[in-house]
Amino acid sequence: MTSLAQQLQRLALPQSDRSLLSRDEVASLLFDPKEAATIDRDTAFAIGCTGLEELLGIDPSFEQFEAPLFSQLAKTLERSVQTKAVNKELDENISLFLIHLSPYFLLKPAQKCLEWLIHRFHIHLYNQDSLIACVLPYHETRIFVRVIQLLKINNPKHKWFWLSPVKTLMLSRHICFSNMECP
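Residues numbered from 1 in each chain as written. Predicted model: local features only at pLDDT ≥ 70, side-chain atom pairs only at ≥ 80, totals over all residues. Heavy atoms only, no water.

Tell me about helix H7 (residues 108-121), and name the residues and values.
Between the first and last C-alpha of H7 there are 20 Å, a value that for 14 residues agrees with the 20 Å anticipated at 1.5 Å per step. Counting buried residues along H7, 13 of its 14 residues qualify, which places the element largely inside the surrounding structure. Immediately beyond the C-terminal end of H7, within one or two residues, lies histidine 122, with a positive phi of roughly 50 degrees. (Helix = DSSP H or I, 4+ residues; strand = E, 2+ residues; numbered from the N terminus. Expected span 1.5 Å × (residues − 1). Buried < 20%, exposed > 50% of the residue type's maximum accessible area, 1.4 Å probe, protein only.)

Dropping the structure here:
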């Protein structure tokens, strides 16, 4: 790749990512990418809201995230057409939520919430630092590997490139999706 091509790749915005334009395969924590492509926004929203309700039963302080991230308004928000101020506020809410979620990451309700945030707000593209901070304490788990597999970190100049070997580490060990049986 030429130097100019590398510079352009570094400058590329997440909303220009080709995976956002394709409905053949969709990023997902809980589902196979092809199966995830068949899941509509309402279903993803229901999954996320169910996860949030279950988390509220464990820790009522998650209520502060209901309006900004798990409401009907959030369901219709399209971040790629929002102002810088709206996106900054959204990023702050996502970052705070992920910090708060980290101790619960291994629980299924937390993963359901992440599924919604990945589906709706594309946190695997826009909020990589916060997402990695949330899951890094669980670096020895399969679900950590699933999160890392969602990230676009193949460029050697990317600050999280050092995690790219993790993407293939578990593939050779038949990584399983949570709704599939492991061989």
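Once you've had a look at it, read on.
Before we move on, can you summarise the packing of helix H3 (residues 41-58) against H7 with the specific residues and values?
Look at H3 against H7: their axes get within 7 Å of each other, and the N-to-C directions meet at 145 degrees. Considering only the axes of H3 and H7, their crossing is left-handed. Contacts between H3 and H7 involve Arg41, Ala44, Phe45, Ile47, Gly48, Thr50, Gly51, Leu52, Glu54 and Leu55 from the former and Pro109, Ala110, Lys112, Cys113, Glu115, Trp116, His119 and Arg120 from the latter. Of the residues that constitute the contact of H3 with H7, the class distribution is nine nonpolar, four polar and five charged. (Axes fitted to C-alpha atoms, helices over the stretch in contact; angles between N-to-C directions. Left-handed = near helix turned anticlockwise from the far one by under 90°. Contact = heavy atoms within 4.5 Å. Nonpolar A, V, L, I, M, F, W, Y, C, P; charged D, E, K, R; others polar.)

How would you explain the pattern of salt bridges if you had to name every residue and give the values?
Tallied over the full model, the rule gives seven salt bridges. Between glutamate 54 and lysine 112 there is a salt bridge, and its shortest N-O distance comes to 3.2 Å. Of the two residues, glutamate 54 is situated in helix H3 and lysine 112 in helix H7; the sequence distance between them amounts to 58 residues. The shortest N-O distance in the salt bridge between lysine 88 and glutamate 92 comes to 3.8 Å. (Salt bridge = Lys/Arg side-chain N within 4 Å of Asp/Glu carboxyl O.)

Explain the packing of aromatic side chains to me, using residue names and the numbers behind them.
Evaluation of the coordinates by the stated rule reveals nine aromatic pairs. Each ring, one from phenylalanine 62 and one from phenylalanine 97, has its centre 5.8 Å from the other, and the planes form 70 degrees; the classification is edge-to-face. Within this pair, whereas phenylalanine 62 is found in the loop between H3 and helix H4 (66-69), its partner phenylalanine 97 is found in helix H6 (residues 84-101), the two being separated by 35 residues in sequence. According to the relative accessible area criterion, phenylalanine 62 is buried, its value standing at 0%. When the ring of tryptophan 116 is compared with that of phenylalanine 121, the centres are 6.3 Å apart and the planes differ by 80 degrees; the resulting orientation is edge-to-face. (Phe/Tyr/Trp six-rings, centres within 6.5 Å; stacked < 30°, edge-to-face > 60°.)

Kindly report on the confidence of the model for the chain, identifying the contributing residues and their values.
This prediction gives the chain a mean pLDDT of 86; 79% of its residues lie at or above 70. Of the regions scoring below 50 in pLDDT, residues 15-21 engages in eleven contacts with residues more than four places distant in sequence or in other chains. (pLDDT = per-residue confidence, 0-100.)

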